[in-house]
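# Residue-level structural notes
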Amino acid sequence: MRIRITVHKFRPEVGGTELMAEMMAAAMAWKGHEVEVVTLRTGTSLSEERYPVDTGSLGSRPAATYRVRRLDFVGGPVRLPRGYWRVLAEPTDLLHVFGNRIWNSDLFLPIARWLPYPKVLTGQNFFQLHMNPNAVNSLYARRYFPWAASQVDAYVVQTVEEREQFRRFGYRGRIELIPHTVDVDEFPLDDELGRRFRTAHGLVGEPLLLSAGGYAPNKRMDRVIEGLARARSRWRLVISGADWPGQRYDIASCRALARRRGVQVEYLGDGAPVPRSEMIAAFLACDAYVQGSSYEGYGGAIQEAMTVRRPFVAFETGAVPEFAAAGAGFAVRSEDEFAQRLDELASSDELRRSMGSAGREDVLAHRSKTVVMDLYDRLFRELGPDAGPS
């Protein structure tokens, strides 16, 4: 069947949603579907190209490709793509849309009822409502969006909390729970990669924590530093990710806090993104993963740590309670509890091993690319042209 996927950004941009869209496109193409991705054109990227599917983690099948179409946009404070409605009017067998309060969903929902093919929306929770809880964002999330999303055939949530929240907001349509995913094969269980990372950064012989969220307002690296300062156990902290200069929890603020509190921090990339290979090595180098976020739609970085058998300590948001219920780590609600859980991990090699093993087992059973894309494929085929009468 023909599947169209719309996403805010795509390669060469790389983030959690972009990786999820890329895995979906590749998996659906490998499964025999004709796939196109519609996104914005940024930088010097081509307006159209075909991507080959790497079948290394998918098994032996004939070579497959998928199409990427990048739309130019009108300049100004809001990126409005040219020709998006025209693209949506083109025939397809199914449309999948990522996100809300973002151009590809905001411009899709007003015309969704007139599009003559099945539609699936993965909303990815409500960042704007949680981070900026003003009247406009509340009206959008609690009134407009549940009504507008009723035009789709299936709404996909990634966490139990998101499902319960959306029902509270009044959505009465079909909901499918399909988690965010991780490519297990991207994370080899190779201790040598971790040792090389430690050697390169002068971190040999130290208990090591990793936090990979960067310095966006919701990531709250200050809570990680403060929690670590209150712990009795001594750890070295590695922080990676992009800086958000000028906001309360930017890298300059975190540096100042760490100095005041006597916490040793390695600022990987110094506030700029680092290569993906370097991040994977950092996951393999750390003894545990930590997250201070006040809000996460899901929490994909923790899931990546679980993939390489690393336990976590994280504030309760997104899928963190589900990860903790699987025995993969600790969900906390305060900096004092954060410190206490760090001390528990530091005092027990067996606890770290058992939580790490539980996390990987949970990923393999419920959250790996193979499992998640099989769930999407089943949903798409159920809604598609060959599904037959319901």
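To start, this report covers the structure provided alongside it. (Residues numbered from 1 in each chain as written. Predicted model: local features only at pLDDT ≥ 70, side-chain atom pairs only at ≥ 80, totals over all residues. Heavy atoms only, no water.)

### Observations regarding the sheet that holds strand β15 (residues 312–315)
The line we're drawing: Pairing between strands is defined by DSSP: at least two bridges between them are needed. The helix and strand labels rest on DSSP assignments: H or I over at least four residues marks a helix, E over at least two residues marks a strand, and numbering proceeds from the N terminus. Axis geometry follows a simple rule: fit a line to the C-alpha atoms, using only the stretch in contact for helices, then measure angles between N-to-C directions, giving values from 0 to 180 degrees. Contacts between residues were defined by any pair of non-hydrogen atoms, one from each residue, lying within 4.5 Å.
The strand order across the open sheet built from 6 strands is β13-β12-β11-β14-β15-β16, with neighbouring strands paired in parallel fashion. The sheet is open, and its two borders are formed by β13 (265–268) and β16 (329–332), each paired with just one other strand. Strand-to-strand twist across the sheet, computed as the mean angle between neighbouring axes with direction ignored, equals 20 degrees. Relative to β13, strand β12 (residues 236–240) runs parallel, the two being bridged by 4 bridges. Bridging across to β13, I239 finds its partner in Y267. Each of β11 (208–211), β12, β14 (288–291) and β15 is contacted by helix α8 (residues 221–230), which is oriented at about 175 degrees to β12, the strand it contacts most. In the packing of helix α11 (residues 300–307) onto the sheet, contacts are made with β14 and β15, and the angle to β14 comes to roughly 170 degrees.

### Concerning a nonpolar patch on the surface
Put simply, the rule reads: Here, patches come from residues exposed beyond 30% relative accessible area and free of salt bridges, joined within 9 Å for like charges and within 5 Å for nonpolar side chains (Val, Leu, Ile, Met, Phe, Trp, Tyr). Per-residue and other accessible areas follow the Shrake-Rupley method at a 1.4 Å probe size, with only the shown protein chains counted as cover for residues. Between Lys or Arg on one side and Asp or Glu on the other, a salt bridge is scored when a side-chain nitrogen of the former is within 4 Å of a carboxyl oxygen of the latter. For the exposure calls, accessible area comes from a 1.4 Å probe over protein chains only, and a residue counts as buried if that area is under 20% of its type's maximum, exposed if over 50%, partly exposed in between.
A cluster of nonpolar residues, V74, V78 and L80, forms a patch on the protein surface that exposes about 240 Å² of accessible area. Within the fold, L80 resides in strand β6 (residues 80–81). When its relative accessible area of 41% is taken as the criterion, L80 is described as partly exposed.

### A look at the environment of R41
To be explicit about the condition: Identification of polar contacts relies on pairs of N or O atoms within 3.5 Å, with a donor-acceptor requirement for protein atoms, meaning one able to donate a hydrogen and the other able to accept it, and with residues adjacent in sequence counted only if both atoms are side-chain atoms.
Of note, R41 is situated in the loop between β2 (34–40) and β3 (48–52). Sequence separation between R41 and E361 is 320 residues; the distance between their C-alpha atoms is 38 Å. Sequence-distant contacts of R41, defined by excluding residues within four places in its chain, comprise L46, S47, R70, L71, D72 and F73. Separated by 2.9 Å, the side chains of R41 and D72 make a polar contact.

### Examining the packing of helix α1 (residues 16–30) against helix α15 (residues 369–383)
Put simply, the rule is: When describing relative orientation, an angle under 35 degrees is termed roughly parallel and one over 145 degrees roughly antiparallel, while 65 to 115 degrees is termed roughly perpendicular and anything else oblique. The handedness criterion is simple: a crossing whose near helix is rotated anticlockwise from the far helix by less than a right angle is left-handed, and one whose near helix is rotated clockwise is right-handed. Residue type decides the class: Asp, Glu, Lys and Arg count as charged, Ala, Val, Leu, Ile, Met, Phe, Trp, Tyr, Cys and Pro as nonpolar, and the leftover types, Gly among them, as polar.
Viewed as axis vectors pointing N to C, α1 and α15 meet at an angle of 65 degrees, and their least axial separation amounts to 10 Å. Overall, the two elements α1 and α15 adopt an arrangement that is roughly perpendicular. Read as a crossing pair, α1 and α15 show a hand that is right-handed. Of the residues in α15, those touching α1 at M20, M23, M24, A27 and M28 are K369, V372, M373, Y376, D377 and F380. Split into classes, the residues belonging to the contact of α1 with α15 amount to 9 nonpolar, no polar and 2 charged.

### A word on the nonpolar core
Definition in use: As used here, the term nonpolar core means buried Ala, Val, Leu, Ile, Met, Phe, Trp, Tyr and Cys residues forming a set that is joined through side-chain atoms within 4.5 Å.
Y66, M373 and Y376 are the most contacted members of the largest nonpolar core, which has 34 residues in total. At the level of elements, β1 (2–6), α1, β2, β4 (65–71), β7 (94–98), β9 (154–157) and α15 are the ones that each hand at least two residues to this core. With 11 residues, α1 is the single largest residue contributor to this core. If we skip the residues at most four places from it in the chain, Y66 touches F10, E22, A25, A26, A29, V35, V37, E49, R50, Y51 and V53.

### Quick look at the pattern of salt bridges
Within the structure shown, the criterion is met by 36 salt bridges. Residue E206 pairs with R236 through a salt bridge whose shortest N-O separation is 3.1 Å. Of this pair, E206 sits in the loop between α7 (191–200) and β11 while R236 sits in strand β12, and the two are 30 residues apart along the sequence. You can call R236 buried: its relative accessible area is 15%. Residues participating in the shared-partner salt-bridge network are R4, E36, E48, R67, R69 and E90.

### Considerations on the packing of aromatic side chains
We apply this condition: Aromatic pairing here means that ring centres of Phe, Tyr or Trp (its six-membered ring) are within 6.5 Å. Orientation follows from the plane angle: under 30 degrees is stacked, over 60 is edge-to-face, and everything else is tilted. Two thresholds decide whether a charge sits over a ring: the Lys NZ or Arg CZ must be within 6 Å of the ring centre and within 35 degrees of the ring normal.
If you walk through the whole model with that rule in mind, you get 22 aromatic pairs. Taking the centre distance of 5.8 Å and the plane angle of 45 degrees together, the rings of F145 and F166 count as tilted. One end of the pair, F145, is in helix α5 (residues 135–149); the other, F166, is in helix α6 (residues 160–168), with 21 residues separating them in the sequence. We note that F145, like F166, is buried. Summarising the aromatic geometry, the rings of Y155 and F166 are spaced 4.4 Å apart at their centres and angled 35 degrees between planes, so their arrangement reads as tilted. With Y155 in strand β9 and F166 in helix α6, the pair connects residues that are 11 residues apart, well separated along the chain. Among the residues examined, F166 registers a relative accessible area of 0% and is labelled buried. Through a chain of ring-to-ring contacts, the aromatic side chains of F126, Y140, Y144, F145, W147, Y155, F166, F169 and Y171 assemble into a single cluster. In this structure, R113 packs its charged tip against the face of W114, placed 5.5 Å from the ring centre.

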